[in-house]
Amino acid sequence: MFTIDAHLDLSMNAMEWNRDLRNTVFDIREREKGLSDKPDRAKGTVAFPELRKGNVGLVVATQIARYVAPNNPLPGWASPEQAWAQTQGQVAWYQAMEACGEMVQINDLASLEKHLALWSDTTIPNEQKAIGYILSLEGADSIVTVDHVAKAYEYGLRAIGPAHYGPGRYAQGTDATGGLGPQGRNLLKEMERLNIILDATHLCDDSFWEALDHFHGNIWASHNLCRSLVNHNRQFSDEQIKELINRGAVIGGALDAWMMVPNWVRGVSTPENMNCNLEVMLDHLDHICQIAGNANHIGIGSDLDGAFGKEQSPYDLETIADLQKIPDMLLKRGYSQEDIEKVMHGNWLRFLRNAWK
């Protein structure tokens, strides 16, 4: 089944992990054997061949570069200008992948419909199809000034998550507290003017509610799960989920194990001993469906290889191609064929067609 994944850090993997994603996952793992600079070396799950094998023909692909103030212990860049430059290198990589036919940017309704027509043509093998990508910025720290938003829109940026982890320049993220402030509100105003999607993922509770009060455009949550199942501020409370549903949002289910199961200990827990499999992600998505009363607000936003690999992914997922196990799992849960198609691609497509009409 045609599949959309609403959150993949492809350029980060290419630029910072030095992965040539044109190679298979297994070739990349082989090349990384013996490396220890990253916790997930030789454990990756995402590359172009596996995306095509799994019929994942459209993704939301990120730029990401955090600014860190002198007292911020998180990894990142010492100035917004350096962070901006890092994101420009990431754009250059996407453009290089377009130039060699591996990817194609999807940034409006016409390019979306053209791309869907290509991927629905079964006479052309997937190996000959470019992977479509919608460009998103995860954490807005690299936006040097609000004027830079228009520059980013020109090269194709279509969604922004104002925060990532910790405190940010425009909003506060996971494990932080506090609101947007004037800069954040100005960012939202400019996003709304340009019809840039607000990604509510990673906003701390204070910033989440303030953002929804001030932003009147299109909102999604590319990769998030439920606080009632795993009690952490990274997750959405039922009240937040209800508000997102009221705003017409789609929430993408993430596959980072620490978000999926309670009491995960990084570097100690394993997917096997925590019984973390793909069904657990579906438990979270099903919870959202119970709140909504329908399956119109869920999708996939895997975050696979988002600075973790197989050591922190569902044990029944070897590569991203295994997302194709999900339709049968949903069928066994009693989901209709129509609802299964909504989860795999339909809800994201409805959202985009409405946002870009």
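Conventions and cut-offs
- Residues numbered from 1 in each chain as written.
- Predicted model: local features only at pLDDT ≥ 70, side-chain atom pairs only at ≥ 80, totals over all residues.
- Heavy atoms only, no water.
- Helix = DSSP H or I, 4+ residues; strand = E, 2+ residues; numbered from the N terminus.
- Polar contact = N/O pair within 3.5 Å; in protein donor to acceptor, adjacent residues only side chain to side chain.
- Axes fitted to C-alpha atoms, helices over the stretch in contact; angles between N-to-C directions.
- Parallel < 35°, antiparallel > 145°, perpendicular 65-115°, else oblique.
- Contact = heavy atoms within 4.5 Å.
- Nonpolar A, V, L, I, M, F, W, Y, C, P; charged D, E, K, R; others polar.
- Buried < 20%, exposed > 50% of the residue type's maximum accessible area, 1.4 Å probe, protein only.
- Arc of directions from axis to C-beta.

**Quick look at the side chain of S79**
Okay, so step 1: Relative to the elements of secondary structure, S79 occurs in the loop between strand 2 (56–63) and helix 4 (80–99).
Okay, so step 2: For S79, the side chain forms a polar contact with the side chain of Q82, separated by 2.9 Å.

**Some remarks on the packing of helix 5 (residues 109–119) against helix 13 (residues 337–356)**
Okay, so step 1: Axis separation between helix 5 and helix 13 bottoms out at 9 Å; the angle between their running directions is 150°. One element, helix 5, and the other, helix 13, form an angle in the roughly antiparallel class. On the side of helix 5, the interface is formed by L109, L112, E113 and L116, while helix 13 contributes L349, L352, R353 and W356.
Okay, so step 2: Grouping the constituent residues of the contact of helix 5 with helix 13 by class yields 6 nonpolar, no polar and 2 charged.

**Some details on helix 5**
Okay, so step 1: Of the residues making up helix 5, those classed as buried are S111, L112, H115, L116 and W119. Taken around the axis of helix 5, the buried residues stretch over an arc of 135°, which confines them to a single face. Facing away from the buried surface of helix 5 by more than 90 degrees, the exposed residues are A110 and K114.
Okay, so step 2: The elements touched by buried residues of helix 5 are helix 3 (48–53), strand 2, strand 3 (103–105), strand 4 (131–138) and helix 13.

Interpretation note: all reported values are geometric properties and have no functional meaning in isolation.
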